[in-house]
Amino acid sequence: MVAWCQESNGSIPPSQLLQNFLNSSRCPEIQGFLYLKETGRKSWKKLCMFLRRSGLYYSTKGTSKEPRHLQLLSDLEESNVYSVTTGRKMHNAPTDFQFCIKPSKVRSDVKELRMLCAEDEQSRTCWMTAFRLLKYGILLYQNYKIPQQRKAPLAPFSAPVRSVSENSLVAMDFSGRTGRVIDNPVEAQSAALEEGHSWRKRSQRMNVLGSPSPLHPSSLSSVIHRTQLWFHGRIMREESHKMIMQQGQVDGLFLIRDSQSNPKAFVLTLCHHQKIKHFQILPFEEDGQIFFSLDDGATKFSDLIHLVEFYQLNRGVLPCKLKHPCTVVAL
């Protein structure tokens, strides 16, 4: 299935494609055509599907991958996938190779099921396996690792060659010639604290270069975010809604703007489950320096760039991670 989704046109052998995938640090996007049963009808529609870490999407315009053309069909975290055995008879499926995606919270409501159909058994198996690997990949690996450690407690830890899931981020040490995975949790926590202190020292040096007062507008940490594509300054709430709508209601699409109610604060506008939500970013003063926080000061950042980078890797108090910056589109 990895070979299907790589745009190599057969020029790269499947074995080489698989090796490239295993050596990379990201998960490939699974794509292909599936039949989707229209809600409330017995008719089916053939659509181009894209399976990503954030969920299963379909394109409203052929095979286009542009965010404005992608519609979320199902969220991986809140759904499970099942094979269907009586699809042709009960749902008038175009083939015998049907499967469905069922929200975890729903028990018996058939209307909430997303019915899908593949061309053959191999295609159905690949889609269902990819869905489960993206959702449970790191858990499967950890379940495999525990008995292996019991068999050989003194053997060196063997880390996975690639990140199976977004939740499988590991601590790394790059102080030597080659990087290594930090296995000891105490050492990993110490490294995280040290990295946090270095960020704070770096931001303090930038403040000294810009202005001795962190509240002064010339301070570098208070203006550096204005160079980012996701920052849109003094736009109205309605305009931020319009921009998100224009670029497609994809999970993780976001922008940051100045707050209308608080001149010292900012607002994060985020799309999740085709709904647009707003979160206020408030300033906090500590030891004479200004920090920004989304969770009332529980997690503080010296500037908005650090804040965005953190929530791109960690969901925290947000409904989903920040994935796609909403930029100004020239029409």
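By convention here, each chain's residues receive numbers from 1 onward along its written sequence. Where local features are concerned, this predicted model is filtered to residues with pLDDT of at least 70; where side-chain atom pairs are given and counted, the filter is 80 or more; whole-chain, interface and lining totals use all residues. Side-chain calculation: all heavy atoms of the structure are included, whereas hydrogens and water are not.

Here we look at the confidence of the model for the protein chain
Close inspection of predicted coordinates is inappropriate for parts of the model with low pLDDT. One confidence number per residue, pLDDT, is output by the predictor and ranges from 0 to 100. With 70% of its residues at a pLDDT of at least 70, the protein chain reaches an overall mean of 77. Strands here are runs of E lasting at least two residues and helices are runs of H or I lasting at least four, both read from the DSSP assignment and numbered beginning at the N terminus. Mean pLDDT across the elements of the protein chain ranges from a minimum in helix 1 (residues 2-5), with 59, to a maximum in strand 11 (residues 266-272), with 94. Any two residues whose heavy atoms approach within 4.5 Å at even a single point are treated as in contact. In this model, residues 157-168 is a region of pLDDT below 50 whose contacts with residues beyond four sequence positions or in other chains number 33 contacts. Note that residues 207-218 has pLDDT below 50 and, in this model, 17 contacts with residues that lie over four places away or in other chains.

Examining the nonpolar core
By size, the foremost hydrophobic cluster in this structure holds 20 residues, and its most contacted members are W230, I256, L268, I281 and L322. Of all elements in the fold, only strand 10 (253-258), strand 11, strand 13 (289-293) and helix 8 (304-313) reach the threshold of two or more residues within this core. Counting residues per element, this core draws most heavily on helix 8, at five residues. The residues contacting L268, other than those within four sequence positions of it, are F254, L255, I256, K277, H278, F279, I281, L294, L318 and L322. Buried residues of nine kinds, namely Ala, Val, Leu, Ile, Met, Phe, Trp, Tyr and Cys, make up a nonpolar core once their side-chain atoms join them within 4.5 Å. Partly exposed residues are those whose accessible area sits between 20% and 50% of the maximum for their type, while under 20% is buried and over 50% is exposed, using a 1.4 Å probe and protein chains only.

Observations regarding unusual backbone geometry
The backbone of N92 sits at a positive phi, close to 55°, despite the residue not being glycine. With respect to the secondary-structure elements, N92 resides in the loop between helix 3 (87-91) and strand 6 (98-103). A relative accessible area of 49% means that N92 is categorised as partly exposed.

Some points on the sheet that holds strand 7 (residues 114-117)
Should DSSP find at least two bridges between two strands, the strands are taken to pair. The strand order across the open sheet formed by seven strands is 4-3-2-1-7-6-5, and the pairing between neighbours is antiparallel. In this open sheet, the two strands that pair with only one neighbour each are strand 4 (70-74) and strand 5 (79-84). Across the sheet, the mean angle from the axis of one strand to that of its neighbour is 40°, orientation sign disregarded. With four bridges joining them, strand 6 and strand 7 adopt antiparallel strand pairing. When the sheet's bridge partners are listed, F99 is paired in strand 7 with L116. Lines fitted to the C-alpha atoms define the axes, with helices restricted to the stretch that makes contact. Angles between their N-to-C directions range from 0 to 180 degrees.

Re the side chain of Q249
Considering the arrangement of structural elements, one finds Q249 in the loop between helix 7 (237-246) and strand 10. When near neighbours in sequence (up to four residues on either side) are disregarded, Q249 contacts I244, C271 and Q274.

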